[in-house]
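Chain and residue survey
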Amino acid sequence: MELALILEKLRSHGYTVQQSLAELADNSITHNAKNIWIYMYWSDDTGKDSFIMVVDDGDGMNEDELLNRALTIPKKEHTDQGENDHSVFGVGLKTGSFNHCRSITIITKKNKLLKKTLNFKKGITDEMPSCINHKFIQKHLNKFANQKSGTIILWSDLDRISNLRSVDRGPNFYEDCDKSKKHFKLIYHKYLLEKKINLYFNGTEGFNRTKAFDPFYKNNDQTIKLSNSEISFLRGGKTILRPYIIPIDTEKENLGKSKNDLQGLYFLRKNRVIDFGGWFDLGEKNVDRIWSSNERF
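Cut-offs used in this document
Residues numbered from 1 in each chain as written. Predicted model: local features only at pLDDT ≥ 70, side-chain atom pairs only at ≥ 80, totals over all residues. Heavy atoms only, no water. Helix = DSSP H or I, 4+ residues; strand = E, 2+ residues; numbered from the N terminus. Contact = heavy atoms within 4.5 Å. Areas by Shrake-Rupley, 256 points an atom, 1.4 Å probe, with all protein chains shown as cover. Salt bridge = Lys/Arg side-chain N within 4 Å of Asp/Glu carboxyl O. Expected span 1.5 Å × (residues − 1). Buried < 20%, exposed > 50% of the residue type's maximum accessible area, 1.4 Å probe, protein only. Pairing = 2+ DSSP bridges.

**Overview of the overall build of the protein**
Within the protein one finds 9 helices and 13 strands. Sequence-distant contacts, at least 24 apart, represent 61% of the contacts inside the protein between residues at least 6 apart. For the protein, the exposed surface amounts to about 17000 Å²; the carbon and sulfur share of it is 49%.

**Description of the pattern of salt bridges**
This structure, assessed with the given rule, holds 10 salt bridges. Lys218 is the salt-bridge partner of Asp214, the closest N and O atoms lying 3.2 Å from each other.

**Some points on helix H2 (residues 17–30)**
If you check H2, its first and last C-alpha atoms are 20 Å apart, about what 14 residues at 1.5 Å a residue would give, namely 20 Å. By the criterion of burial, H2 is predominantly enclosed, with 12 of the 14 residues buried. Downstream of H2 by one or two residues, Asn32 has phi in the positive range, about 65°.

**Quick look at the side chain of Ser28**
As for its position among the elements, Ser28 is in helix H2. Take Ser28: its relative accessible area is 3%, and that puts it in the buried class. Beyond its immediate chain neighbours, meaning those up to four positions away, Ser28 contacts Ala33, Ile36 and Asp56.

**Observations regarding unusual backbone geometry**
With a phi close to 55°, Lys195 is a non-glycine residue in the positive phi region. With respect to the secondary-structure elements, Lys195 resides in the loop between helix H8 (189–193) and strand S7 (198–201). The backbone phi angle of Asn202 is positive, close to 55°, even though this residue is not glycine. Counting through the fold element by element, Asn202 comes out in the loop between S7 and strand S8 (224–225).

**Topic: the pairing of S7**
Both faces of S7 are covered, namely the face carrying Asn198 and Tyr200 and the face carrying Leu199 and Phe201. Pairing of strand S1 (residues 35–41) with S7 involves 4 bridges; the strand directions are parallel. Following the sheet pairing, Ile38 is matched in S7 by Phe201.

**Side note on the pairing of strand S6 (residues 150–156)**
Most of S6 sits out of view: 7 of its 7 residues are buried. Residues Gly150, Ile152, Leu154 and Ser156 line one face of S6 and the alternating positions Thr151, Ile153 and Trp155 line the opposite face, and both faces are buried. In the sheet, strand S2 (residues 51–56) pairs with S6 via 5 bridges, with the strands oriented antiparallel. Looking at the pairing, Met53 lines up with Leu154 of S6.

See below:
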């Protein structure tokens, strides 16, 4: 199957921008990044030179990792790399990115600096996108000279994003940035609380850094911790349910969601939230009703 056709098929997964960016952040965490910077830049009404960029200070990649894993469909089964490995199939970068753009550029440093672009027209190429000269990108390229290792993922030719915008393209684009910041604050809350990573959006200053937030308010004196319960699954495996009753009067977090939206079940895999909120069609036994998000439990 031609590469362009494979890439086109990867575009049909319906990822939101924040979900796709989380795929990139997952990769950064897997490769031991301490700091992750996310930039979203809208150039003009057409969005021609707009870009989205994720930068980290993780392990970086060598040439084999770049060409045979990051920019291609891996031929081998993914091998779990430990407690911070959030990859399942090893295709998250391609799948998430190509839902929104037609070109991915990877600039990475491990033993040496490497630059490659994967796009629909030319496949893997040394050609860099026109936005490479933007001051944000150049700033991080200059930092790479003094940085031991790290990776930049650059989305350009944001066709699906620009096509979906009308006269409010720019404002809508930056609304996606705000939604992503709120999404990261919640799904990576354990990493932020334990100070394992720093997340920055559209800048490197302190005010650009995402503040830690605990959805369970474990340090609040009014929070009630219930006993843990172990749940076994029919086909093997088990998990631990850790219930909290949080105080009614807590400060409002800037997450774009109400308290009702945030209550319910939280599913975590290796300290990373993969789904949250609501009761997932649970309800009362022998009663024809399910729990709703506007009821307190």
